Amino acid sequence: MANQNAGDHGAGTSSMPDPMHQFEIQRWLPLEVFGIDASFTNSAAFMVLAAISLSAFLLLSTSGRSLVPGRLQSLAEITYEFVANMVRENVGTAGMKYFPFVFTLFSFVLACNMLGMIPYSFTVTSHIIVTFALAAIVFVGVTIIGFAKHGLGFLKFFVPSGVPAALLPLLVVIEVISYLTRPVSLSVRLFANMMAGHTMLKVFGGFVVMLGAWGGWAPLGFMVAFTGLEVLVAFLQAYVFAILTCIYLNDALHMHH
Amino acid sequence: MADQSDRSVKPGGDISPEERAEFKRRLSELDDRLDEAQERGTGVKNEAGRGKAMGYGLRIATDIIAAVVVGGGIGWFLDRWLDSGPLLLMVFIVLGIVAGIRNVIRTYRLMAAEFGTNTGMDLDDISTPERNGDDPN
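Just so it is clear, the structure is predicted and the values come from calculations on it, not from any experiment. (Residues numbered from 1 in each chain as written. Chains lettered and ligands numbered in written order. Predicted model: local features only at pLDDT ≥ 70, side-chain atom pairs only at ≥ 80, totals over all residues. Heavy atoms only, no water.)

A. Up close: unusual backbone geometry. Phi angles above zero are rare outside glycine, and A:Tyr120 is one such case at about 75°. Here A:Tyr120 is to be found in the loop between α3 (99-116) and α4 (128-150). Given the relative accessible area of 47%, A:Tyr120 is considered partly exposed. If you check the backbone angles, B:Asp83 has positive phi at about 55° while not being a glycine. On the accessibility criterion, B:Asp83 (70% relative accessible area) is exposed. (Helix = DSSP H or I, 4+ residues; strand = E, 2+ residues; numbered from the N terminus. Buried < 20%, exposed > 50% of the residue type's maximum accessible area, 1.4 Å probe, protein only.)

Here you go:
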C-alpha cells in the first residue's frame, strides 16, 4: 500500500501527484470464476477489514457486559442507542424488526468511511458501484417489504389522493420518477461526498509539496481543518444513509404519513 | 414530571399539604429552569441539531439533481426504444425537475416537523394537491 503514497507519483516539486490515484483498484489476489473477474482487490480487503474491525469492536466491548459500562462498552451502547432511536423515531416500534439491518448498514458505511480517513488507506465508499450496491439492496428490499405487506395495494403509494382525474396520470409518472430517484440519490450522495473530499485532500496535499517549506503552510493549515470536516462528513454520510433507509422502510410499512 | 413528583411525595405521607404544595412548586420550577438551560444549549443538543440540519442539506442537494438525472435517463431509454427522437427526453427531463422539487418539498415537510416551522419560509401557503388529501409519501 505504500506505493499509494502521493510522493511517489509527483516527480519532484514541479508536477502534481495524481489526486485520483488513491481510488485505483488494485488486484491483490487475481481470481477468475467462470469468466467473471472475482479478484481480491484492495477494495475487497478494506471491506473485510471494516467487517472484522466492527465485529471485533462489538464483541470486545460487549464481552464484559458490566452494569456500569466502561469506555468501550459505553461506545457500543451509544452506537446501539443512536441507531435504535433512529429506527424507533422514523419507523415506529414495528420497524424494530429491521433494526439489525439498519444497524449493520450504518456501522458498515461508518467503518468504511472512517477507515478511509486513515492516511494510505483505501476508501471503499468512494466507488459508486459499492454505494450503488448498498442502495440497491435498500431499494429492492424496501420495495419487496412494501408489496409483501400491502400486496398490490402498495401501488396506491404512487397515486396521490384528492387530485382531479385529468391530472392523475401525470402525477403518477412524477411519483414513480420520484420513487426511482431513491437509489440514485442515495448512492450518488455517499460516493460523491467521499470522492470529492478525498480528492480535495490530495490536491491540497500536492499544493503543500509544490509550495515547499516557505509557502506550504497555508494549504497545510487548510488541510488540517478540512480533515476535521471530512471526519464529520464521514459520520454524517453514514447517518444520512441510515436515516433514509428508515424513512423508506416507514413508507413501505405504513404508506401514509 | 408532575405525576413523578406526586409519586415521590406521597409515600412519605407525613408532610403537611402546604409543604407538599411548596415542594411541588419548587420541583416544577427546577424543571422549568432545567428545560430552559437545555434549550439555551449546553452544546450537546445544539450540535446534534446542527448535524441533523447538515444531513437535511446533503439530502436536498442530491435529491433534486438525482431526480433530473433519473427523469432524463428514462426519457433517453424510451426514446431509443420507441425511436421518438428527443421528444420524450425533453418531456421526462421536465418531469424529473418536477419530481425533484416534489422530493425537496417532501423533505422540507419532515424538516419542518422536526425543527418547527422556524425555517425562514412557510410552504404551508403553497397549496399542493396532496395537502388536501392523504399525503401519499
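B. Highlighting the interface of chain A and chain B. Each side of the interface is counted separately: chain A has 31 residues, and chain B has 29 residues. Taken together, the two surfaces of chain A and chain B that pack against each other cover about 2500 Å², and 68% of this comes from carbon and sulfur. Area buried by chain A at its contact with chain B is led by A:Ile174, A:Ile177 and A:Arg189, which between them contribute 20% of it. For the pair chain A and chain B, the interface holds 3 salt bridges. Measuring nitrogen to oxygen at the nearest pair gives 3.0 Å for the salt bridge that ties A:Glu175 to B:Arg106. Counting across the interface, chain A meets chain B through 7 residue pairs in polar contact (both at pLDDT 80 or more). If you list the elements that add at least two residues to the side of chain A that touches chain B, you get α5 (168-215) and α6 (217-254) of chain A. The biggest single contributor to the side of chain A that touches chain B is α5(A), with 12 residues. In terms of residue class, the side of chain A that touches chain B is made up of 18 nonpolar, 9 polar and 4 charged. (Contact = heavy atoms within 4.5 Å. Buried area = accessible area lost by both parts, 1.4 Å probe. Salt bridge = Lys/Arg side-chain N within 4 Å of Asp/Glu carboxyl O. Polar contact = N/O pair within 3.5 Å; in protein donor to acceptor, adjacent residues only side chain to side chain. Nonpolar A, V, L, I, M, F, W, Y, C, P; charged D, E, K, R; others polar.)

C. Structural detail: the pattern of salt bridges. What the rule picks out here adds up to 6 salt bridges over all chains. Where A:Arg182 meets A:Asp251, a salt bridge forms, and the shortest distance between an N and an O atom there is 2.6 Å. Highlighted residues: A:Arg182 in helix α5 and A:Asp251 in helix α6, separated in sequence by 69 residues. Given the relative accessible area of 2%, A:Asp251 is considered buried. Between B:Glu29 and B:Arg25 there is a salt bridge, with the nearest N and O atoms lying 3.0 Å from each other. Residue B:Glu29 and its partner B:Arg25 are located together in helix α2 (residues 17-40), separated by 4 residues, close to a single helical turn. Overall, B:Glu29 belongs to the partly exposed group, its relative accessible area being 38%. Each member of the salt-bridge network shares a partner with another, and the members are A:Glu175, B:Arg102 and B:Arg106.

D. Highlighting the packing of helix α1 (residues 42-63) of chain A against α3(A). Residues and elements named next belong to chain A. Where α1 meets α3, the closest approach of the two axes is 9 Å, and the angle between their N-to-C directions is 115°. Two packed elements cross with a definite hand, and for α1 against α3 that hand is right-handed. When α1 is examined against α3, the residues Phe46, Met47, Leu49, Ala50, Ser53, Leu54 and Leu58 are found in contact with a partner set consisting of Phe103, Ser107, Phe108, Ala111, Cys112 and Leu115. The class makeup of the residues in the contact of α1 with α3 is 11 nonpolar, 2 polar and no charged. (Axes fitted to C-alpha atoms, helices over the stretch in contact; angles between N-to-C directions. Left-handed = near helix turned anticlockwise from the far one by under 90°.)

E. Expanded view of the environment of B:Asn103. When you line up the elements, B:Asn103 lands in helix α4 (residues 87-115). Since its relative accessible area comes to 6%, B:Asn103 is described here as buried. When the C-alpha atoms of B:Asn103 and B:Arg59 are compared, they prove to be 9.7 Å apart, with 44 residues separating the residues in sequence. For B:Asn103, the contacting residues outside a window of four places in its chain are A:Ser178, A:Thr181, B:Asp63 and B:Ala67.

F. Focus on the confidence of the model for chain B. Residues and elements named next belong to chain B. This prediction gives chain B a mean pLDDT of 75; 66% of its residues lie at or above 70. Mean pLDDT values over the elements of chain B span from 41, in helix α5 (residues 129-132), up to 88, in α4. Below pLDDT 50 for its whole length, residues 125-137 participates in 32 contacts with residues either more than four positions away or in separate chains. (pLDDT = per-residue confidence, 0-100.)

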